[in-house]
Amino acid sequence: MVLKEEHPDMYETLASTDIDYFDIGYDLYKFHLRQSQKVLTFDRFGELSAIYFNQAVRNCRLRMPKENLYRWYKAAKTLYNIMHREENLVNFKLESGDIAIFNNTRTLHGRSEFQITEQGERILQGCYMDWDCVHSRIRVLREELGMPITY
């Protein structure tokens, strides 16, 4: 990861500091999501497994000593700048009927501004899957097909 190579101290800050996230609202139902998570998370083998970087739902009150605030914000801004380097961006325009599917914790993603024209409107629909359900279904299918079940 570029951040680790260029700024190992900032990488360590984002890998070791818990940040609170929350999102409260109504979609098809009321929701009140809360989570405390490090920006960089790792699997049981120590490999980077997910990046949690959602400024829209990050709590503005960081639970850390004030002497650590500057370091954390500097690390977050550095990661942001690296993510927005030209060589790290992939831009494409979805056309009517197109769909984009990605793993929300493995693909950093966002949307750019757009103009609504007289010809139409922009509709953006989000859909989320619980990985426990996906992995459960895979195990059931493997079992039914007589394939070994992997965990």
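All values derive from a computational prediction rather than experimental measurement. (Residues numbered from 1 in each chain as written. Predicted model: local features only at pLDDT ≥ 70, side-chain atom pairs only at ≥ 80, totals over all residues. Heavy atoms only, no water.)

## So, the side chain of Arg58
Move 1: Along the chain, Arg58 falls in the loop between strand S4 (48-51) and helix H3 (66-83).
Move 2: No salt bridge is formed by the buried Arg58; the nearest opposite charge belongs to Asp20, separated by 9.8 Å.
Move 3: Here Arg58 is in contact with Ile19, Asp20, Tyr21, Trp72 and Tyr73, once residues within four sequence places are set aside. (Helix = DSSP H or I, 4+ residues; strand = E, 2+ residues; numbered from the N terminus. Buried < 20%, exposed > 50% of the residue type's maximum accessible area, 1.4 Å probe, protein only. Lys, Arg positive; Asp, Glu negative; His and termini not counted. Salt bridge = Lys/Arg side-chain N within 4 Å of Asp/Glu carboxyl O. Contact = heavy atoms within 4.5 Å.)

## Re a nonpolar patch on the surface
Move 1: There is a patch of nonpolar side chains on the surface, built from Tyr26, Leu28 and Tyr29 and spanning about 450 Å² of accessible area.
Move 2: Counting through the fold element by element, Tyr26 comes out in strand S1 (residues 18-26).
Move 3: Classification of Tyr26 by relative accessible area gives exposed; the value is 60%. (Patch = residues over 30% accessible without salt bridge, like charges linked within 9 Å, V, L, I, M, F, W, Y side chains within 5 Å. Areas by Shrake-Rupley, 256 points an atom, 1.4 Å probe, with all protein chains shown as cover.)

## So, the environment of Ile138
Move 1: Mapped onto the elements, Ile138 comes out in helix H4 (residues 131-144).
Move 2: Its relative accessible area of 41% is what places Ile138 among the partly exposed residues.
Move 3: Separated by 12 residues in sequence, Ile138 and Thr150 place their C-alpha atoms 9.4 Å apart.

## Points about the packing of aromatic side chains
Move 1: Taken as a whole and judged by the stated rule, the model has 2 aromatic pairs.
Move 2: Ring centres 6.2 Å apart and planes at 65° place the aromatic pair Tyr11 and Phe42 in the edge-to-face group. Within this pair, whereas Tyr11 is found in helix H2 (residues 8-16), its partner Phe42 is found in strand S3 (residues 40-42), the two being separated by 31 residues in sequence.
Move 3: Classification of Tyr11 by relative accessible area gives buried; the value is 10%.
Move 4: Look at Phe42 and you get partly exposed, because its relative accessible area is 32%. (Phe/Tyr/Trp six-rings, centres within 6.5 Å; stacked < 30°, edge-to-face > 60°.)

## Side note on the nonpolar core
Move 1: One finds Leu14, Val39 and Trp72 to be the most contacted residues of the largest nonpolar core, which totals 20 residues.
Move 2: Those elements that place two or more of their residues in this core are H2, S1 and H3.
Move 3: No other element matches the 6 residues that H3 contributes to this core.
Move 4: The contact partners of Leu14, leaving out residues within four places of it in the chain, are Leu3, Lys38, Val39, Leu40, Trp72, Ala75, Ala76 and Leu79. (Core = buried A, V, L, I, M, F, W, Y, C linked by side-chain atoms within 4.5 Å.)

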